[in-house]
Amino acid sequence: MNTKELNFEIQNLGLKNPPLLSEDEHLKYVNDWRGQYIGRAAAVLRPSNTLEVSNIMKFAFDNNIPIVPQGGNTSLCGAATPDNTGDSIIVSLEKMNNVRQFNKNAQTITVESGMILSQIHDVVEKEGLFFPLSLGAKGSCMIGGNLSTNAGGVNVLKYGNTRELCLGLEIVLPDGRIMNLLSELKKDNTGYDLKNLFIGAEGTLGIITAATMRLFRLPKMITTLFVEANKISNAVKLLNVFNTHFPDRIESFELMPKVFWEVAKNNIENIKLPFENLPDMGVLIDISSFSKSEITSNENGQLPIIKSIENILEECFDLELISNATICNNEAQRKSLWSIREAAAESEKKELENSNLIKCLKHDISLPVESIDDFHKEAQKMISEFLPDLKTIYFGHLGDGNLHYNVFGNGSLPDGFQGKSINLTTELYKIVHKYNGSFSAEHGIGQLKKNNLKNHKNKTAYSLMTIIKKQLDPKGIMNPGKVLFY
Ligand SMILES: Cc1cc2nc3c(=O)[nH]c(=O)nc-3n(C[C@H](O)[C@H](O)[C@H](O)COP(=O)(O)OP(=O)(O)OC[C@H]3O[C@@H](n4cnc5c(N)ncnc54)[C@H](O)[C@@H]3O)c2cc1C
């Protein structure tokens, strides 16, 4: 089908929102957030309901047209970017952003997949409920993208990844069939768990059009503190101390070492630092309170929760686990610290743009928490011996054992790493593997880590994945070039 015929057929699909057919209109959909992948598309379609998605898929299936599902296009591994042939149709879910059902008593919400994550927060918080998935891209990523990447974020320690928050899905299959697995049930043992197959599939098996998500009680108060722990091993011990005192109440436990603060200071305008000297190893902690007594002032005008935290911090000073701590005493202070943490990816992007370096090797790894210190020492030794003047910016969700371990090159051509960037990543993943970690913690595989998946995944599991892919998508039209070789 030539371009003219394709455009004619697309117009005939009768979609409510006009198709975007010009290259100018495609710009925001064909490039990835980091500017590492640049693609082209035949058209961008923005269906307004599930039936329209189904009609698009039937048309694509009959005509062998590759489809790239897209949410907020914030993937950090090129998962939502089409290839550069210009043959693909991008199906953006951005116009499907309605709440279908909000059941406050059951603490569930059913939303269309194009709903922006922060909009879900706003809707449920007005009713005193809480949707815990939260990440730096929350103002633009969409729940369908979060589900398709099984996104993690800053609250995994207590609530789990997106998968753990999902009760049901509605999916359009590659041939256009609609599979309704929407459900509020917490128990439903009816054979294979197909819902979970589509979570984390990165748009390679079908299009998620709606989802039922779990909600939680909104904590009465969240206390945020920033602690200077001097080294990783101390931060890990600190996690154990807080876990003992506040079981199931640590909402976040984020590692922010000196290298993180240096990049933040260089790149965030009007940044407000809660300390004079940059800490060697900072940790940002959120503790939730659900009982009224804990947050009601005592006779000295102090909140019992703050007193408890201060007592624990004193214990940690005595054990020489920490050297300094700040407990936020107002919402503005709390938001200011969190905004710095949430701007991590943006600050790193600017750091790269403002330097003469060619690229930064992004590694999104996870490790057993108790191995993180040994891993870091071994990885730093390898990196320092690999090439001179490489810099590692690392930070992350320490409570989940998830580190963003990003290596900036020294600028030596052709790739900023003397042509050895792939070798460096390979060496790093060997160390991750040695400590029983994963090379892909939360961002997914996309295009960036396709080779790594093939090399590191258990061979039988990889082969099963390709069998499933071929069965569900026999024509290979769903998000081609991502996740698997098949
Ligand atoms: C500043 C910043 C901070 C981030 N922080 C985190 C973090 O803390 N944790 C984390 O896990 N990730 C993080 N990310 C990565 C990214 O935001 C997440 O992967 C997010 O879940 C992607 O959502 P999206 O709507 O942008 O999806 P997109 O980027 O549009 O798509 C991602 C993948 O999902 C597929 N897809 C999208 N929608 C659908 C659908 N409806 N049906 C089927 N497939 C679909 C796409 O084809 C693609 O494969 C961050 C990104 C940025 C830019």
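Residues numbered from 1 in each chain as written. Predicted model: local features only at pLDDT ≥ 70, side-chain atom pairs only at ≥ 80, totals over all residues.

Hey, could you run me through the overall build of the chain in this one?
Tallying secondary structure elements over the chain gives 17 helices and 18 strands in all. Whereas a compact globule of 486 residues would reach a radius of gyration of roughly 23 Å, the chain reaches 23 Å, a difference of no more than 12%. With respect to the three principal axes, the spread of C-alpha positions in the chain is 75 × 60 × 45 Å. Out of the 486 residues belonging to the chain, those deemed buried represent 44%. Looking at the chain alone, contacts between residues at least 24 apart form 73% of all its contacts between residues at least 6 apart. (Helix = DSSP H or I, 4+ residues; strand = E, 2+ residues; numbered from the N terminus. Rg over C-alpha atoms; globule rule 2.2 N^0.38 Å. Buried ≥ 20, exposed ≤ 12 C-beta atoms within 10 Å, placed from the backbone. Contact = placed C-beta atoms within 7 Å.)

Help me understand the sheet that holds strand β5 (residues 108-112), please; the structure alone is not making it clear to me.
One open sheet holds the five strands; their spatial order is β4-β5-β9-β7-β8, and the pairing between them is antiparallel. Pairing within the sheet leaves two strands with one partner each, and these edge strands are β4 (99-103) and β8 (178-181). The mean inter-strand angle of the sheet, taken between neighbouring strand axes irrespective of direction, is 10 degrees. (Pairing = 2+ DSSP bridges. Axes fitted to C-alpha atoms, helices over the stretch in contact; angles between N-to-C directions.)

Explain the nonpolar core to me, please; I cannot follow it from the model alone.
Burial of nonpolar side chains together is a common tendency in soluble globular proteins. Ranked by internal contacts, the top residues of the largest apolar core, which has 64 residues, are Ile67, Ile89, Val91 and Ala211. Both of domain 1 (3-94) and domain 2 (99-217) provide at least three residues apiece to this core. Residue contacts for Ile89: discarding those within four places in its chain leaves Ala41, Ala42, Ala43, Leu45, Ala60, Ile65 and Ile67. (Core = buried A, V, L, I, M, F, W, Y, C linked by C-beta atoms within 7 Å. Domains from an automatic or database assignment.)

In this structure, what is going on with the domain arrangement of the chain? I would like to understand it.
Often, the extent of an interface is quoted as the loss of accessible area upon association of its parts. Parsing the chain into structural domains produces domain 1 (3-94), domain 2 (99-217), domain 3 (221-344) and domain 4 (355-448). Placing the centre of domain 3 and that of domain 4 at their C-alpha centroids yields a distance of 26 Å. Every contact between the two is made by 17 residues of domain 3 and, on the other side, 13 residues of domain 4. Every element with two or more residues in the side of domain 3 that touches domain 4 is listed here: α9 (232-245), β12 (250-257) and α10 (258-267). Looking at the side of domain 3 that touches domain 4, its residues break down into 14 nonpolar, two polar and one charged. (Nonpolar A, V, L, I, M, F, W, Y, C, P; charged D, E, K, R; others polar.)

It is not clear to me how unusual backbone geometry should be interpreted in this structure. Could you clarify?
Looking along the chain, the bond that leaves Leu413 and enters Pro414 is cis, with omega of 5 degrees. By secondary structure assignment, the location of Pro414 is in the loop between β18 (402-408) and α15 (421-434). With a phi angle near 60 degrees, Glu320 is a residue other than glycine that sits in the positive phi range. Structurally, Glu320 is set in the loop between α11 (304-318) and β14 (324-327).

Could you clarify how one ought to interpret helix α14 (residues 372-386) in this entry?
A turn of α-helix holds 3.6 residues, and therefore any two residues three or four places apart point the same way. Between its terminal C-alpha atoms α14 stretches 21 Å, which fits the 21 Å expected from 15 residues at 1.5 Å a residue. Where α14 is concerned, the buried positions are Ile372, Phe375, His376 and Ala379. When α14 is viewed along its axis, its buried side chains cluster within an angular range of 95 degrees and face the same direction. Exposed residues lying more than 90 degrees from the buried face of α14 are Lys381, Ser384 and Glu385. Looking at the buried side of α14, the elements it contacts are α9, β18 and α15. (Expected span 1.5 Å × (residues − 1). Arc of directions from axis to C-beta.)

Sorry, what's going on with the packing of α14 against α15 here?
Helix packing for two helices is described by the angle between their axes and how far apart those axes are. Interaxial distance between α14 and α15 falls to 10 Å at its minimum, and their mutual angle equals 160 degrees. One way to sum up the angle between α14 and α15 is to call them roughly antiparallel. Between α14 and α15 lies a crossing of right-handed hand. Across the interface between the two elements, Phe375, Glu378, Ala379, Met382 and Phe386 of α14 pack against Leu424, Glu427, Leu428, Ile431 and Val432 of α15. Looking at side-chain class alone, the contact of α14 with α15 contains eight nonpolar, no polar and two charged residues. (Parallel < 35°, antiparallel > 145°, perpendicular 65-115°, else oblique. Left-handed = near helix turned anticlockwise from the far one by under 90°.)

Teacher, can you tell me more about the pairing of strand β11 (residues 221-228) here?
The side chains of a regular strand alternate, first on one face of the sheet and then on the other. As judged from the eight bridges shared by β11 and strand β13 (residues 281-289), these two strands associate in the antiparallel manner. When the bridges of β13 are listed, Phe226 appears paired with Leu284. Pairing geometry for β11 and β14, over four bridges, is antiparallel. Across the sheet, residue Glu228 finds its bridge partner in β14, namely Asn324.

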